[in-house]
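# Descriptive analysis of the structure
Next come the chains, spelled out residue by residue.
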There are 2 protein chains.
Amino acid sequence: MNKSDLKMISVLERTGGFASAQELHQILRREGDGIGLTTVYRALQSLVDDKIVDLLRRDDGEAIYRLCGDGHHHHLVCKGCGQTVEIEGGAIENWATAKAKEFGFREVAHTAEIFGLCSKC
Amino acid sequence: MNKSDLKMISVLERTGGFASAQELHQILRREGDGIGLTTVYRALQSLVDDKIVDLLRRDDGEAIYRLCGDGHHHHLVCKGCGQTVEIEGGAIENWATAKAKEFGFREVAHTAEIFGLCSKC
DNA sequence: CACGAAAATGGAAATGATTATCATTTCCAA
DNA sequence: TTGGAAATGATAATCATTTCCATTTTCGTG
(Lines give C-alpha, C1' and ligand atoms only; values in the text may rest on other atoms or scores of the structure.)
Protein backbone atom coordinates (compact mmCIF):
# COMPACT_ATOMS: atom_id res chain seq x y z
CA MET A 1 0.00 0.00 0.00
CA ASN A 2 1.88 3.06 -1.25
CA LYS A 3 1.12 6.68 -1.99
CA SER A 4 -0.45 6.01 -5.39
CA ASP A 5 -2.69 3.32 -4.00
CA LEU A 6 -4.02 5.77 -1.45
CA LYS A 7 -4.49 8.38 -4.13
CA MET A 8 -6.58 5.97 -6.19
CA ILE A 9 -8.70 5.06 -3.20
CA SER A 10 -9.29 8.74 -2.64
CA VAL A 11 -10.53 9.39 -6.19
CA LEU A 12 -12.66 6.30 -6.14
CA GLU A 13 -14.24 7.49 -2.92
CA ARG A 14 -15.03 10.83 -4.48
CA THR A 15 -16.39 9.47 -7.76
CA GLY A 16 -18.61 6.95 -6.04
CA GLY A 17 -19.64 4.85 -9.00
CA PHE A 18 -17.51 2.80 -11.33
CA ALA A 19 -14.86 4.48 -13.40
CA SER A 20 -12.26 3.30 -15.90
CA ALA A 21 -8.53 3.68 -15.43
CA GLN A 22 -8.43 6.31 -18.14
CA GLU A 23 -11.20 8.31 -16.52
CA LEU A 24 -9.60 8.15 -13.09
CA HIS A 25 -6.34 9.29 -14.62
CA GLN A 26 -8.02 12.25 -16.27
CA ILE A 27 -9.73 13.26 -13.06
CA LEU A 28 -6.45 13.28 -11.18
CA ARG A 29 -4.79 15.23 -13.93
CA ARG A 30 -7.55 17.81 -13.90
CA GLU A 31 -6.98 18.21 -10.19
CA GLY A 32 -3.38 19.09 -10.90
CA ASP A 33 -1.93 15.75 -9.97
CA GLY A 34 0.84 14.77 -12.37
CA ILE A 35 0.38 11.05 -11.82
CA GLY A 36 1.17 8.93 -14.83
CA LEU A 37 -1.22 6.56 -16.55
CA THR A 38 1.15 3.69 -15.89
CA THR A 39 1.01 4.30 -12.19
CA VAL A 40 -2.77 4.49 -12.27
CA TYR A 41 -2.95 1.06 -13.87
CA ARG A 42 -0.39 -0.32 -11.46
CA ALA A 43 -2.14 1.02 -8.41
CA LEU A 44 -5.54 -0.22 -9.56
CA GLN A 45 -4.14 -3.66 -10.29
CA SER A 46 -2.58 -3.78 -6.88
CA LEU A 47 -5.83 -2.76 -5.20
CA VAL A 48 -7.72 -5.39 -7.14
CA ASP A 49 -5.21 -8.02 -6.03
CA ASP A 50 -5.72 -6.95 -2.44
CA LYS A 51 -9.48 -7.12 -2.99
CA ILE A 52 -9.85 -3.48 -2.07
CA VAL A 53 -11.49 -2.58 -5.35
CA ASP A 54 -13.75 -4.53 -7.65
CA LEU A 55 -13.00 -4.87 -11.34
CA LEU A 56 -15.74 -5.46 -13.85
CA ARG A 57 -16.27 -4.76 -17.51
CA ARG A 58 -18.29 -2.32 -19.51
CA ASP A 59 -20.17 -3.59 -22.53
CA ASP A 60 -17.24 -2.74 -24.76
CA GLY A 61 -14.83 -4.68 -22.57
CA GLU A 62 -13.16 -1.70 -20.93
CA ALA A 63 -12.28 -2.39 -17.30
CA ILE A 64 -14.06 -0.34 -14.66
CA TYR A 65 -13.13 -0.18 -11.00
CA ARG A 66 -15.02 0.47 -7.82
CA LEU A 67 -14.07 0.69 -4.20
CA CYS A 68 -15.79 -2.17 -2.47
CA GLY A 69 -16.72 -3.18 1.00
CA ASP A 70 -15.62 -6.42 2.57
CA GLY A 71 -16.79 -9.80 1.52
CA HIS A 72 -18.51 -11.22 -1.48
CA HIS A 73 -21.26 -9.17 -3.05
CA HIS A 74 -22.82 -8.07 -6.30
CA HIS A 75 -23.76 -4.78 -7.92
CA LEU A 76 -26.73 -2.86 -9.14
CA VAL A 77 -25.35 -0.41 -11.70
CA CYS A 78 -27.18 2.54 -13.23
CA LYS A 79 -26.65 2.72 -16.99
CA GLY A 80 -27.44 6.42 -16.86
CA CYS A 81 -25.24 7.95 -14.17
CA GLY A 82 -22.99 5.07 -13.26
CA GLN A 83 -24.14 5.12 -9.66
CA THR A 84 -23.83 1.70 -8.10
CA VAL A 85 -25.23 -0.08 -5.12
CA GLU A 86 -23.60 -3.07 -3.49
CA ILE A 87 -26.13 -5.78 -2.86
CA GLU A 88 -26.26 -9.10 -1.13
CA GLY A 89 -26.79 -12.10 -3.28
CA GLY A 90 -27.96 -14.87 -0.99
CA ALA A 91 -30.15 -16.40 -3.65
CA ILE A 92 -27.34 -16.23 -6.17
CA GLU A 93 -24.86 -18.01 -3.96
CA ASN A 94 -27.22 -20.91 -3.52
CA TRP A 95 -28.11 -21.01 -7.17
CA ALA A 96 -24.46 -21.04 -8.25
CA THR A 97 -23.53 -23.72 -5.76
CA ALA A 98 -26.46 -25.90 -6.69
CA LYS A 99 -25.92 -25.64 -10.42
CA ALA A 100 -22.22 -26.33 -10.11
CA LYS A 101 -22.87 -29.45 -8.11
CA GLU A 102 -25.59 -30.57 -10.51
CA PHE A 103 -23.10 -30.59 -13.38
CA GLY A 104 -20.11 -31.83 -11.42
CA PHE A 105 -18.11 -28.59 -11.50
CA ARG A 106 -15.45 -27.79 -8.90
CA GLU A 107 -13.66 -24.63 -7.79
CA VAL A 108 -16.49 -22.45 -8.93
CA ALA A 109 -16.76 -18.72 -8.88
CA HIS A 110 -19.55 -16.65 -10.30
CA THR A 111 -20.39 -13.19 -11.50
CA ALA A 112 -23.79 -11.54 -11.32
CA GLU A 113 -24.51 -7.90 -11.95
CA ILE A 114 -27.72 -6.04 -12.56
CA PHE A 115 -27.85 -3.07 -14.92
CA GLY A 116 -30.68 -0.62 -15.20
CA LEU A 117 -31.75 2.98 -14.74
CA CYS A 118 -31.92 4.39 -11.25
CA SER A 119 -34.86 6.46 -10.06
CA LYS A 120 -33.15 9.76 -10.94
CA CYS A 121 -32.20 8.86 -14.49
CA MET B 1 -28.16 -13.90 -42.93
CA ASN B 2 -25.42 -14.35 -45.53
CA LYS B 3 -22.79 -16.94 -46.35
CA SER B 4 -20.32 -15.74 -43.71
CA ASP B 5 -22.96 -15.80 -41.02
CA LEU B 6 -23.70 -19.43 -41.80
CA LYS B 7 -20.03 -20.21 -41.83
CA MET B 8 -19.62 -18.76 -38.34
CA ILE B 9 -22.58 -20.72 -37.07
CA SER B 10 -20.99 -23.84 -38.46
CA VAL B 11 -17.66 -23.28 -36.66
CA LEU B 12 -19.41 -22.39 -33.45
CA GLU B 13 -21.39 -25.60 -33.69
CA ARG B 14 -18.22 -27.60 -34.11
CA THR B 15 -16.25 -25.90 -31.35
CA GLY B 16 -19.06 -26.23 -28.87
CA GLY B 17 -17.76 -23.97 -26.13
CA PHE B 18 -17.01 -20.28 -26.20
CA ALA B 19 -14.38 -18.97 -28.57
CA SER B 20 -13.02 -15.55 -29.40
CA ALA B 21 -13.22 -13.94 -32.82
CA GLN B 22 -9.49 -14.41 -33.31
CA GLU B 23 -9.71 -18.09 -32.44
CA LEU B 24 -12.65 -18.69 -34.73
CA HIS B 25 -10.79 -16.94 -37.51
CA GLN B 26 -7.74 -19.14 -37.00
CA ILE B 27 -9.83 -22.28 -37.02
CA LEU B 28 -11.42 -21.35 -40.32
CA ARG B 29 -8.06 -20.45 -41.79
CA ARG B 30 -6.60 -23.77 -40.71
CA GLU B 31 -9.46 -25.48 -42.49
CA GLY B 32 -8.43 -23.76 -45.67
CA ASP B 33 -11.07 -21.07 -45.62
CA GLY B 34 -9.67 -17.74 -46.71
CA ILE B 35 -12.19 -15.72 -44.76
CA GLY B 36 -10.89 -12.38 -43.53
CA LEU B 37 -10.76 -11.29 -39.92
CA THR B 38 -12.95 -8.33 -40.74
CA THR B 39 -15.65 -10.58 -42.05
CA VAL B 40 -15.45 -12.76 -38.96
CA TYR B 41 -16.05 -9.75 -36.74
CA ARG B 42 -18.83 -8.52 -38.96
CA ALA B 43 -20.60 -11.85 -39.04
CA LEU B 44 -20.31 -12.34 -35.29
CA GLN B 45 -21.65 -8.86 -34.63
CA SER B 46 -24.57 -9.53 -36.91
CA LEU B 47 -25.33 -12.83 -35.17
CA VAL B 48 -25.17 -11.16 -31.79
CA ASP B 49 -27.59 -8.49 -32.99
CA ASP B 50 -29.96 -11.21 -34.14
CA LYS B 51 -29.56 -12.92 -30.78
CA ILE B 52 -28.27 -16.06 -32.43
CA VAL B 53 -25.03 -16.03 -30.49
CA ASP B 54 -24.18 -14.86 -26.99
CA LEU B 55 -21.34 -12.49 -26.35
CA LEU B 56 -19.57 -12.39 -23.04
CA ARG B 57 -16.12 -11.47 -21.80
CA ARG B 58 -13.08 -13.34 -20.66
CA ASP B 59 -11.24 -12.09 -17.60
CA ASP B 60 -8.95 -10.02 -19.76
CA GLY B 61 -11.87 -8.36 -21.54
CA GLU B 62 -11.61 -10.24 -24.81
CA ALA B 63 -15.01 -10.99 -26.30
CA ILE B 64 -16.04 -14.62 -26.58
CA TYR B 65 -19.00 -15.94 -28.53
CA ARG B 66 -21.25 -18.94 -28.25
CA LEU B 67 -24.12 -20.25 -30.24
CA CYS B 68 -27.13 -20.08 -27.99
CA GLY B 69 -30.55 -21.59 -27.77
CA ASP B 70 -33.65 -19.47 -27.61
CA GLY B 71 -34.61 -17.37 -24.70
CA HIS B 72 -32.88 -15.98 -21.68
CA HIS B 73 -30.37 -18.18 -19.91
CA HIS B 74 -27.03 -18.28 -18.17
CA HIS B 75 -23.83 -20.28 -18.48
CA LEU B 76 -21.68 -22.67 -16.58
CA VAL B 77 -18.23 -22.35 -18.11
CA CYS B 78 -15.25 -24.65 -17.54
CA LYS B 79 -12.05 -22.72 -16.96
CA GLY B 80 -10.07 -25.73 -18.10
CA CYS B 81 -11.48 -26.81 -21.43
CA GLY B 82 -13.91 -24.01 -22.20
CA GLN B 83 -16.83 -26.40 -22.35
CA THR B 84 -20.05 -24.62 -21.45
CA VAL B 85 -23.49 -25.61 -20.34
CA GLU B 86 -26.55 -23.45 -20.75
CA ILE B 87 -28.52 -23.34 -17.55
CA GLU B 88 -31.80 -21.99 -16.37
CA GLY B 89 -31.68 -19.22 -13.84
CA GLY B 90 -35.09 -19.07 -12.29
CA ALA B 91 -33.72 -18.01 -8.94
CA ILE B 92 -31.59 -15.33 -10.59
CA GLU B 93 -34.47 -13.79 -12.47
CA ASN B 94 -36.42 -13.36 -9.27
CA TRP B 95 -33.42 -12.04 -7.39
CA ALA B 96 -32.62 -9.48 -10.08
CA THR B 97 -36.21 -8.33 -10.34
CA ALA B 98 -36.61 -8.04 -6.60
CA LYS B 99 -33.38 -6.14 -6.05
CA ALA B 100 -34.09 -3.75 -8.87
CA LYS B 101 -37.50 -2.95 -7.45
CA GLU B 102 -36.09 -2.57 -3.97
CA PHE B 103 -33.77 0.20 -5.16
CA GLY B 104 -36.16 1.77 -7.64
CA PHE B 105 -34.31 0.74 -10.79
CA ARG B 106 -36.07 0.46 -14.15
CA GLU B 107 -35.26 -1.21 -17.46
CA VAL B 108 -33.04 -3.74 -15.82
CA ALA B 109 -30.98 -6.45 -17.39
CA HIS B 110 -28.58 -8.74 -15.64
CA THR B 111 -25.63 -11.00 -16.22
CA ALA B 112 -24.79 -14.10 -14.24
CA GLU B 113 -22.21 -16.69 -15.17
CA ILE B 114 -20.60 -19.46 -13.21
CA PHE B 115 -16.98 -20.43 -13.83
CA GLY B 116 -15.31 -23.56 -12.55
CA LEU B 117 -13.64 -26.81 -13.51
CA CYS B 118 -15.74 -29.51 -15.08
CA SER B 119 -15.51 -33.12 -13.98
CA LYS B 120 -12.97 -33.99 -16.71
CA CYS B 121 -10.56 -31.17 -16.01
C1' DC C 1 -26.78 -13.81 -71.56
C1' DA C 2 -25.32 -9.02 -70.32
C1' DC C 3 -25.34 -5.06 -67.37
C1' DG C 4 -25.24 -2.36 -63.38
C1' DA C 5 -26.38 -1.52 -58.61
C1' DA C 6 -26.03 -3.10 -54.13
C1' DA C 7 -24.13 -6.16 -50.88
C1' DA C 8 -20.27 -8.71 -49.31
C1' DT C 9 -15.47 -9.28 -48.71
C1' DG C 10 -10.75 -8.79 -47.05
C1' DG C 11 -6.27 -6.40 -46.63
C1' DA C 12 -4.24 -2.62 -44.56
C1' DA C 13 -4.25 1.16 -41.61
C1' DA C 14 -6.29 3.39 -37.50
C1' DT C 15 -7.85 3.21 -32.84
C1' DG C 16 -7.84 2.59 -28.05
C1' DA C 17 -7.02 0.15 -23.85
C1' DT C 18 -3.56 -2.17 -21.45
C1' DT C 19 1.22 -3.77 -20.59
C1' DA C 20 6.27 -3.87 -20.91
C1' DT C 21 10.61 -1.26 -20.81
C1' DC C 22 13.76 1.43 -18.80
C1' DA C 23 15.92 5.50 -17.08
C1' DT C 24 15.15 8.55 -13.32
C1' DT C 25 13.54 9.85 -8.73
C1' DT C 26 12.08 9.05 -4.02
C1' DC C 27 12.46 6.60 0.32
C1' DC C 28 14.54 4.87 4.12
C1' DA C 29 17.41 2.26 7.02
C1' DA C 30 22.23 1.81 8.37
C1' DT D 1 25.24 10.87 4.13
C1' DT D 2 24.73 6.90 1.31
C1' DG D 3 23.54 2.66 -1.13
C1' DG D 4 20.06 0.02 -2.74
C1' DA D 5 15.27 -1.12 -3.22
C1' DA D 6 10.82 0.50 -4.47
C1' DA D 7 8.11 3.74 -6.98
C1' DT D 8 7.30 6.57 -10.84
C1' DG D 9 6.21 8.06 -15.51
C1' DA D 10 7.33 8.81 -20.41
C1' DT D 11 7.62 6.12 -24.30
C1' DA D 12 7.16 2.23 -27.01
C1' DA D 13 5.08 -2.30 -27.75
C1' DT D 14 0.91 -5.35 -27.85
C1' DC D 15 -3.32 -6.89 -29.02
C1' DA D 16 -8.27 -6.94 -29.92
C1' DT D 17 -11.40 -4.48 -32.47
C1' DT D 18 -12.95 -0.91 -36.06
C1' DT D 19 -12.64 1.80 -39.92
C1' DC D 20 -11.49 2.58 -44.72
C1' DC D 21 -11.55 1.54 -49.17
C1' DA D 22 -10.89 -0.90 -53.33
C1' DT D 23 -12.18 -5.20 -55.37
C1' DT D 24 -15.27 -9.09 -56.07
C1' DT D 25 -19.62 -11.45 -55.84
C1' DT D 26 -24.46 -11.68 -56.04
C1' DC D 27 -28.68 -10.91 -58.23
C1' DG D 28 -32.57 -8.77 -60.42
C1' DT D 29 -33.89 -6.91 -64.76
C1' DG D 30 -33.88 -5.96 -69.65
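Because the structure is predicted, anything quoted here is derived from the model rather than measured.

Thresholds, definitions, all that
Residues numbered from 1 in each chain as written. Chains lettered and ligands numbered in written order. Predicted model: local features only at pLDDT ≥ 70, side-chain atom pairs only at ≥ 80, totals over all residues. Heavy atoms only, no water. Domains from an automatic or database assignment. Contact = heavy atoms within 4.5 Å. Buried area = accessible area lost by both parts, 1.4 Å probe. Salt bridge = Lys/Arg side-chain N within 4 Å of Asp/Glu carboxyl O. Helix = DSSP H or I, 4+ residues; strand = E, 2+ residues; numbered from the N terminus. Nonpolar A, V, L, I, M, F, W, Y, C, P; charged D, E, K, R; others polar. Polar contact = N/O pair within 3.5 Å; in protein donor to acceptor, adjacent residues only side chain to side chain. Pairing = 2+ DSSP bridges.

Right, let's talk about the domain arrangement of chain A for a bit. Residues and elements named next belong to chain A. On domain assignment, one finds that chain A holds domain 1 (1-69) and domain 2 (71-120). Distance from the C-alpha centre of domain 1 to the C-alpha centre of domain 2: 22 Å. Contact with domain 1, which involves 8 residues of that partner, is made by 8 residues of domain 2. Of the roughly 640 Å² buried where domain 1 meets domain 2, counting both sides, 50% is carbon and sulfur surface. For domain 1, the biggest contributors to the area lost against domain 2 are Phe18, Leu56 and Arg66; these three give 56% of the whole. The interface formed by domain 1 and domain 2 includes 1 salt bridge. Its salt-bridge partner being Glu86, residue Arg66 comes within 3.1 Å of it at the nearest N-O pair. Among the elements of the structure, β2 (53-57) and β3 (63-67) are those that each provide at least two residues to the side of domain 1 that touches domain 2. The residue makeup of the side of domain 1 that touches domain 2, split by class, is 4 nonpolar, 2 polar and 2 charged.

With that settled, the discussion passes to the interface of chain A and chain B. Contacts between chain A and chain B engage 38 residues on the former and 38 residues on the latter. Both sides of the chain A and chain B interface together cover about 3,100 Å² of buried area, and 63% of this is carbon and sulfur. Linking chain A to chain B there are 0 salt bridges. Here chain A is connected to chain B by 14 residue pairs in polar contact (both at pLDDT 80 or more). Going through the elements one at a time, β4 (74-78), β5 (84-87), α4 (90-102) and β6 (106-117) of chain A are the ones with two or more residues in the side of chain A that touches chain B. Among the elements that make up the side of chain A that touches chain B, the one with the highest residue count is β6(A) (12 residues). Looking at the side of chain A that touches chain B residue by residue, the class counts come to 20 nonpolar, 8 polar and 10 charged. By the bridge criterion, 9 bridges tie β6(A) to strand β6 (residues 106-117) of chain B in an arrangement that is antiparallel. When the bridges of β6(B) are listed, Thr111(A) appears paired with Glu113(B).

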